[in-house]
Structure formats: C-alpha cells, structure tokens
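Listed here are the chains, written in short residue letters.
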Amino acid sequence: MDDVTGVTGGVHGTVAAGFEPVRDAFVRNFGERGERGAAVTVYRDGRRVVDLWGGAKDVDGDLPAGDASWERGTAQIVRSATKGVAAAALLLLHQRGELDLDAPVGSYWPEFKARGKERVLVRHVLAHRAGVPALDRPLTPAEALDPDLAAAVVAAQAPFWEPGEDHGYHAQTYSWLTGELVRRVTGRPVGEWLADEIARPLGLGRGLWLGLPEAEAGRVGRLGRIEAPVGPGGLRMRPKRNVAEAYADAESLTRRAFGAIDPSPDENDAAYRAAALPASNGVATADALARFYAGLIGDVEGGGRRLFAPGTVELARAEASAGPDRVLVVGTRFGLGYMLHGGASPLLGPGSFGHPGRGGALGFADPESGVAFGYVTNGMNKGVTADPRAQSLVRALRESL
C-alpha cells in the first residue's frame with residue numbers, strides 16, 4: 001500500500017498498486033465537483049486496497065486545520081445507503097430460518113393487515129412492492145422517531161396500489177416496515193440487533209451505527225447542501241422534465257413519499273442521529289460501509305466472517321423489481337433490499353448490488369470481482385441515485401481492475 005498523505009487537495013490515506021486511478025478521481029472531486037469533506041474505501045477479496053479521506057469535517061466549516069479536518073475515523077449520516085444494512089437484517093433472519101420471505105407481513109405484525117394489506121409479503125417490502133411508500137398524513141420529526149407510533153401509522157395506511165403488482169421507492173416508510181419486522185421477529189429494536197448481529201461480528205462497532213451512541217457524537221461531521229460548480233466536471237445535473245415535475249408537485253407520489261416526514265428533520269440534530277430510522281439515518285465511516293459489503297460476500301481481514309451464504313447473495317441481487325418506478329419516475333432495478341446495476345444507479349457491473357444515499361453516499365458489493373465499495377460525504381447535492389462524485393470513483397475503480 002502506498003501512502004498518499006500530502007497529495008494535492010488535502011487527501012490522505014493509502015492505495016494499493018494499481019488503484020491509483022481511484023486516488024486521482026478522489027482528488028479531482030475536490031477540485032472539480034465541489035467536494036467539501038469525504039472518504040472512500042475499497043476492499044478486494046476481503047483486503048483493504050483503497051483507504052482515502054480528505055477535506056473538512058463539517059460541510060460549512062473551514063478547510064482542513066486541526067480539529068476541522070476530516071480524519072480517517074470521521075463518520076457521516078449516509079441517508080438511504082442505510083437501506084442496504086437494514087435489508088441485510090431481514091435476509092439474515094431468513095437465512096437463519098426465522099423469517100419467511102414468502103409469508104405475509106401480517107403473519108408477524110397482525111396490525112399491518114388493515115385496509116387491503118393482507119397480501120403484502122415480506123419480499124414485497126424488500127423489493128419496494130408493498131404499496132405504502134407514502135402516508136395520508138405525514139409524521140412530524142418527533143413522531144417519526146417514535147417507533148411504536150410510526151409503525152402504527154404505517155400499519156393503518158391503505159396501499160397506493162395493489163401490493164405486489166408494481167414497485168415504487170419506499171423512501172421513508174421503509175424505516176418502519178423493516179424496523180418493525182425485525183422487532184416482531186426478534187423482540188429487539190432494530191438498531192440493537194444490527195449492532196450485535198452485523199456490526200460486532202464484522203468489526204464495525206466503531207464505524208457503523210443505526211442509533212448513534214452519545215459517546216461517538218464527536219466523530220460525526222455536519223452535513224449540508226453544496227452548490228454545483230459551473231464548468232466542465234462540475235456537479236450540476238439536469239433531471240428529465242417529468243422527474244423535475246414530479247418533485248415539484250406537492251401532490252405527486254414522489255413528493256409525498258420523500259415527504260412522509262414533514263417538515264424534514266434536522267439531520268445534524270443529536271436526537272435525530274440517536275434514533276433508528278433504517279431507511280435514512282445510519283451513520284458510517286467509508287471503511288465500515290465498504291467492510292460491511294465485503295463481509296456480505298466473503299471473509300474480511302481482521303477476523304470478520306462472511307455473513308451471507310451464496311444463496312442469500314443471490315436473493316439480494318436477483319431482479320425482483322424493474323421498470324418505471326412509481327416514486328422515482330425513472331426506471332429502477334431492485335433485488336431483495338438492494339438496488340442493482342442499471343441506468344438509474346450504475347454500480348461496478350451487472351452482478352453488483354448495493355444502495356446509494358440521496359445526495360452522495362454509496363455502498364455496494366460486486367461478487368464477481370470480490371470488490372466492496374464505500375463512499376461517504378458531508379456535501380449533499382440534489383441527486384437521488386447517481387451522484388457524479390461517487391460515479392467518478394466507480395469509473396476509476398472499474399479502470400483499476
């Protein structure tokens with residue numbers, strides 16, 4: 001591994017021989033794509049081959065100076081990249097024989113059977129086919145953090161389409177669908193279960209949380225929106241007209257799905273970070289996110305044992321939903337709990353599975369190459385599934401293999 005401390009752009013870390021294109025792309029993100037603070041880690045066959053970080057810890061802070069600098073252990077909220085971790089909980093419970101993917105959700109959560117949801121299967125939840133991406137009445141931020149209240153509201157919600165017959169991204173409601181299933185099956189809060197059954201076995205205990213411990217709060221930087229720079233290589237994206245219209249229309253299913261919590265919570269608030277919303281508020285370092293995906297497909301250096309059996313990997317990445325997404329409007333592809341490689345969310349290759357976070361973060365595994373990838377940032381842009389900074393790193397990774 002080559003030490004890259006001192007590279008132009010304030011980038012620090014190490015890269016293995018052959019992976020220099022990832023380093024170069026990461027540096028360019030700061031100069032050309034408006035990056036403020038970020039990190040990227042890549043594992044291959046369970047070994048760390050890229051480990052880079054740089055910039056400011058807080059998006060609105062000064063550039064690197066003392067405590068303001070992004071360090072190797074700096075973590076950030078990864079928004080919907082959390083969904084990939086939540087999906088692993090349900091798939092592991094299935095692998096252990098504790099959860100039947102073809103059983104109705106109501107067989108574990110009887111209250112959920114209300115108003116035409118009797119036929120919603122567990123696999124429908126994972127594939128965004130459950131039909132409840134939005135709520136008739138949005139939850140306030142305080143209500144959203146109350147798992148009992150939020151689960152009861154979702155259980156009482158009528159579906160927006162016949163469950164199983166179509167798909168649409170469950171941007172926020174995925175939190176309470178997956179979290180309540182874990183709680184009903186195991187009797188334990190989802191954040192606690194993930195810490196014991198996923199984070200601890202893989203050595204992620206100080207790098208990935210669903211429910212940030214108070215003692216770790218100082219390691220998490222402030223995140224916020226960044227402006228797209230003008231010019232070649234910039235961050236500016238122009239959504240298709242129908243996509244822009246869907247986000248602009250307050251009555252559209254798109255706006256209602258992303259607005260299931262209204263007003264939007266303060267993601268830098270300590271109470272928000274301490275709660276467990278499996279759709280949106282996981283906190284991770286880039287290394288922990290990449291190591292999580294490495295641990296799904298193989299053993300990981302340092303004693304991490306593989307979590308997914310080969311059959312479970314196939315469940316994660318076998319296409320379960322494809323085509324026009326009723327929420328995201330564009331065409332999307334999902335396995336059970338994971339986005340798959342495609343136009344809406346390009347990953348490393350056809351066999352890759354993972355999940356982006358709205359505004360930047362990305363984690364995925366590619367079993368064919370043995371690669372696992374994690375990217376986190378404090379600069380949030382308007383994109384949902386294919387951030388230009390993350391995509392530049394993925395292209396460079398592809399070039400390196």
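### Section: the side chain of R79
Piece 1. Along the chain, R79 turns up in the loop between β5 (76–77) and α2 (82–95).
Piece 2. With residues up to four places along the chain from it excluded, the contact list for R79 reads L223, E267, A279, S280, N281, G282, G357, R358, G359 and M380.

### Considerations on the layout of surface pockets
Piece 1. Computed from the structure, the second largest pocket encloses a volume of approximately 240 Å³.
Piece 2. If you go around the second largest pocket, you meet 16 residues; those closest to its centre are P147, G179, P189, V190 and A276.
Piece 3. Of the residues forming the lining of the second largest pocket, the biggest block, five residues, is contributed by helix α6 (residues 174–186).
Piece 4. Tallied by class, the residues present in the lining of the second largest pocket amount to eleven nonpolar, three polar and two charged.

### Here's the deal with α2
Piece 1. Here α2 is 14 residues long and its end C-alpha atoms lie 20 Å apart, about the 20 Å a rise of 1.5 Å per residue gives.
Piece 2. For α2, a buried count of twelve out of 14 residues is recorded, marking the element as mostly surrounded by other parts of the structure.
Piece 3. Turning to α2, its buried residues are T82, K83, G84, V85, A86, A87, A88, A89, L90, L91, L92 and L93.

### Re the packing of aromatic side chains
Piece 1. Inspection of the entire model under this criterion finds nine aromatic pairs.
Piece 2. Consider the rings of F292 and Y293, whose centres lie 4.8 Å apart with planes at 75 degrees: the pair is edge-to-face. Comparing F292 with Y293, the two get one shared label, buried.
Piece 3. The interplanar angle of 65 degrees and the centroid separation of 6.3 Å between the aromatic rings of Y293 and F353 together place this pair among those described as edge-to-face. Here Y293, found in helix α11 (residues 286–297), pairs with F353, found in strand β12 (residues 353–356); they are 60 residues apart in sequence, far enough to count as distant.
Piece 4. Relative accessible area serves as the criterion here: at 0%, Y293 is assigned to the buried category.
Piece 5. Its relative accessible area of 0% is what places F353 among the buried residues.
Piece 6. Grouped by ring-pair contacts, the aromatic residues F292, Y293, Y338 and F353 constitute a single cluster.
Piece 7. A cation over an aromatic ring shows up here: K117 above the ring of F112, its NZ or CZ 4.8 Å from the ring centre.

### Quick look at the packing of α2 against α6
Piece 1. Where α2 meets α6, the closest approach of the two axes is 10 Å, and the angle between their N-to-C directions is 30 degrees. Judged by the inter-axis angle, α2 sits roughly parallel to α6. The chirality of how α2 crosses α6 is left-handed. Along the contact surface, α2 presents K83, A86, A87, A89, L90 and L93, while α6 presents Y174, T178, L181, V182, V185 and T186.
Piece 2. Looking at side-chain class alone, the contact of α2 with α6 contains nine nonpolar, two polar and one charged residues.

### Remarks on unusual backbone geometry
Piece 1. Here the bond from D262 into P263 is cis, since omega is 0 degrees, no more than 30 degrees from zero.
Piece 2. Within the fold, P263 resides in the loop between α9 (253–258) and α10 (270–274).
Piece 3. A positive phi is found at R79, a non-glycine position, where the angle reads about 50 degrees.

### Describing the sheet that holds strand β8 (residues 283–284)
Piece 1. What the three strands build is an open sheet, ordered β5-β8-β6; its pairing is antiparallel. The open sheet has two free edges, formed respectively by β5 and β6 (208–209), since each of these has just one partner strand.
Piece 2. In this sheet, β8 lies alongside β6 in antiparallel orientation, the contact comprising two bridges. Looking at β8, one finds that L208 is bridged to A284.

Conventions and cut-offs
- Residues numbered from 1 in each chain as written.
- Predicted model: local features only at pLDDT ≥ 70, side-chain atom pairs only at ≥ 80, totals over all residues.
- Heavy atoms only, no water.
- Helix = DSSP H or I, 4+ residues; strand = E, 2+ residues; numbered from the N terminus.
- Contact = heavy atoms within 4.5 Å.
- 1 Å grid on protein atoms, 1.4 Å probe; cavity = no way out; pocket = protein on both sides within 12 Å on 5 of 7 lines; lining within 4 Å.
- Points joined across faces, edges and corners; volume = space filled by probe spheres on them.
- Nonpolar A, V, L, I, M, F, W, Y, C, P; charged D, E, K, R; others polar.
- Expected span 1.5 Å × (residues − 1).
- Buried < 20%, exposed > 50% of the residue type's maximum accessible area, 1.4 Å probe, protein only.
- Phe/Tyr/Trp six-rings, centres within 6.5 Å; stacked < 30°, edge-to-face > 60°.
- Lys NZ or Arg CZ within 6 Å of the ring centre and 35° of its normal.
- Axes fitted to C-alpha atoms, helices over the stretch in contact; angles between N-to-C directions.
- Parallel < 35°, antiparallel > 145°, perpendicular 65-115°, else oblique.
- Left-handed = near helix turned anticlockwise from the far one by under 90°.
- Pairing = 2+ DSSP bridges.

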